[in-house]
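Residue-level structure breakdown
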Amino acid sequence: MMTLGDAPVRVALLGCGVVGSQVARILLEQADDLRARVGRPLELVGIGVRRTTDRPGIDPALFTTDVPSLVAREDVDLVIELIGGINPARELLLAAIQGGKSVVTANKALLAQHGAEIYDAAAAADVDVYYEAAVAGAIPIIRPLRESLVGDAVTAVKGIVNGTTNYILDQMHTHKVSFSDALADAQRLGYAEADPTADIEGHDAAAKAAILASLAFHTRVTLDDVACEGISSVTADDVRAAESLRCVIKLLAQCSVSPDGTVAVGVHPTMVPLEHPLAGIRGAYNAVFIESVNAGRLMFMGPGAGGSPTASAVLGDVVTAARNRVRGVAGHGESAYSTPGITDPSSVVSAYYVAMTVRDEPGVLSRVADAMARRGVSIAAVRQEQTSGGSGARLGITTHRAPDGNVRAVVDELLGGGDVLGDVRVLRVEGA
Ligand SMILES: NC(=O)C1=CN([C@@H]2O[C@H](COP(=O)(O)OP(=O)(O)OC[C@H]3O[C@@H](n4cnc5c(N)ncnc54)[C@H](OP(=O)(O)O)[C@@H]3O)[C@@H](O)[C@H]2O)C=CC1
Ligand SMILES: N[C@@H](CC=O)C(=O)O
């Protein structure tokens, strides 16, 4: 990579929505401080968008809808991609890299599916790829895994990595707001993805889990490797049941090394006991635990979504990449040398809460308990719960830790018998 001499570092911004508009604001408002930190001015030379409508505080002459030409400009040193989605973001990032530009992105969907292609292209072109904002918004979590802990052996990463779903679940618990109203609020506040299906079906958290697991275990985990369950089926009844067990429901991402050395990566709505530190993570905040052999247990917490917090993480990357340009170096940080394989999701072990409406007759409970025992699922507690109308009795069973596949097999068996009337719910339960 060439050094820049005394020239400014010229930046092209792709996307000027919730995050991009805040990045543009900071680049313009904090230009003097950023110049002092980089050692050269950061000059915003163009902004690629779909529609060149007026955006307050930004020179209209900067906007273009011809994004490929902006990326191809010879005088651009650094491209910030805040469009989201796969294409055209992937094509634009690859074109930028092949043109010798360093890139910064917040695009977890893209990195979880095409990360290897992008990192390899950047290494070949000797340019930087930074993506701190792609996981957990403002929280520094990529750099700790990629740099600070790279001399340790990480054994697990787990936590809340999606602000929208944490906001929705928190609103359902704390203010008894309906799922759809809470989602509409999260969209209005700029937390949700352009298509919020990615949030509520767990795909956004799964993409982040794939990125975290790849860095933590020095391997390549993609979105398809992640066992993924969202929160769209979580009901007010589930929330009440969790509360009666002194828990809250959180969407947890879990990445760990299994006893056979493979890597387990999953995203599931999970009952978290009130005394657990993750239970107190409110609104659109995120929190991530990292466990490593030498450092022990670390916790990172902060705003996980929203324009300004995410822009903070983007600007951190921009300054780092710009400093590297000034020095004529690139920091290639992905050491994907390990190929442990992915754990079969059915063998992942957890405690569970299984609720079902059953016939209100003698002998039913002992038949349910027998079915569980035959599959090695041991019962920790049974409660008879309120039915939300209709006939039958509602059982809420908390199990000891058991393989996911065994619990699912019991449920299938019970559904095939005559005792269960329906409305079966299965949720993981986190240890306190
Ligand atoms: N919102 C958040 O809290 C967070 C978002 N992210 C990530 O940041 C990225 C941006 O998210 P966000 O700002 O919320 O998204 P928005 O939908 O608010 O903004 C997207 C921007 O990209 C532009 N754009 C979309 N498609 C094209 C296209 N084909 N060509 C040119 N420009 C296009 C849009 O243009 P126009 O304005 O003309 O429509 C808009 O300016 C995503 O990858 C997201 O996952 C990461 C962390 C948090
Ligand atoms: N939609 C995402 C935005 C940040 O990554 C979320 O809600 O966490």
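Residues numbered from 1 in each chain as written. Chains lettered and ligands numbered in written order. Predicted model: local features only at pLDDT ≥ 70, side-chain atom pairs only at ≥ 80, totals over all residues.

1. Side note on the overall build of the protein
Each helix and strand in the protein was counted, giving 14 helices and 17 strands. Seen along its three principal axes, the alpha-carbon backbone of the protein occupies a region of about 85 × 45 × 35 Å. Counting all 432 residues of the protein, 46% fall into the buried class. Intrachain contacts of the protein at a sequence separation of at least 6 include 75% that bridge at least 24 residues. (Helix = DSSP H or I, 4+ residues; strand = E, 2+ residues; numbered from the N terminus. Buried ≥ 20, exposed ≤ 12 C-beta atoms within 10 Å, placed from the backbone. Contact = placed C-beta atoms within 7 Å.)

2. Quick notes on the packing of helix H7 (residues 163-174) against helix H8 (residues 179-188)
Packed helices, taken two at a time, are described by the angle between their axes plus the distance between the axes. Taken N-terminus to C-terminus, the directions of H7 and H8 make an angle of 135°; their axes are 9 Å apart at the nearest point. Relative to H8, H7 is oriented oblique. When you trace H7 past H8, the crossing you get is right-handed. Contacts between H7 and H8 pair Thr-164, Tyr-167, Ile-168, Gln-171 and Met-172 from the former with Phe-179, Ala-182, Leu-183, Asp-185 and Ala-186 from the latter. (Axes fitted to C-alpha atoms, helices over the stretch in contact; angles between N-to-C directions. Parallel < 35°, antiparallel > 145°, perpendicular 65-115°, else oblique. Left-handed = near helix turned anticlockwise from the far one by under 90°.)

3. Side note on the site of ligand 1
Ligand 1 sits among 27 residues. The nearest are Gly-15, Gly-17, Arg-50, Gly-84 and Ala-305. Among the elements that line the shell around ligand 1, the one with the most residues is helix H1 (residues 18-29), at three residues. When residues of the shell around ligand 1 are assigned to domains, at least three fall in each of domain 1 (9-137 + 308-327) and domain 2 (142-304). (Near = placed C-beta within 6 Å. Domains from an automatic or database assignment.)

4. Brief notes about the environment of Leu-92
By the element assignment, Leu-92 lies in helix H4 (residues 89-98). Leu-92 gets classed as buried once you count the C-beta atoms within 10 Å, which come to 24. For the pair formed by Leu-92 and Pro-68, sequence separation is 24 residues and the distance between their alpha carbons is 6.5 Å. Residues in contact with Leu-92, not counting those within four places in the same chain, are Leu-14, Val-67, Pro-68, Val-71 and Glu-81.

5. What about the site of ligand 2?
Around ligand 2, the surrounding shell consists of Gly-137, Asn-162, Gly-163, Thr-164, Tyr-191, Ala-192, Glu-193, Asp-199, Asp-204, Gly-304 and Ala-305. Classifying every residue of the shell around ligand 2 by side-chain character gives three nonpolar, five polar and three charged. (Nonpolar A, V, L, I, M, F, W, Y, C, P; charged D, E, K, R; others polar.)

6. Some remarks on the UniProt feature "binding site: NADP(+)" (unreviewed entry) in the protein
Within this numbering scheme, the UniProt entry marks Leu-14, Gly-15, Cys-16, Gly-17, Val-18, Val-19, Gly-20 and Ser-21 as carrying the feature "binding site: NADP(+)" (unreviewed entry). Note on Gly-17: 16 C-beta atoms within 10 Å, which makes it partly exposed. Assignment of secondary structure puts Ser-21 in helix H1. (UniProt positions renumbered as here; feature names shortened; annotations may be inferred.)

7. With respect to the packing of H4 against helix H5 (residues 108-125)
Taken N-terminus to C-terminus, the directions of H4 and H5 make an angle of 10°; their axes are 9 Å apart at the nearest point. As summarised for this structure, H4 and H5 are arranged roughly parallel, according to the angle between their axes. Contacts from Ala-89, Arg-90, Leu-93, Leu-94, Ile-97 and Gln-98 of H4 reach H5 at Leu-110, His-114, Ile-118, Ala-121, Ala-122 and Ala-125. Along the lines of polarity and charge, the residues of the contact of H4 with H5 split into nine nonpolar, two polar and one charged.

8. Observations concerning the UniProt feature "active site" (unreviewed entry) in the protein
Sequence positions flagged by UniProt for "active site" (unreviewed entry) are, in local numbering, Lys-208. On the secondary structure map, Lys-208 appears in helix H10 (residues 203-217). A count of 29 C-beta atoms within 10 Å places Lys-208 in the buried class. Leaving out residues up to four positions away in the same chain, Lys-208 has contacts with Lys-108, Val-135, Ala-136, Val-161 and Ala-253.

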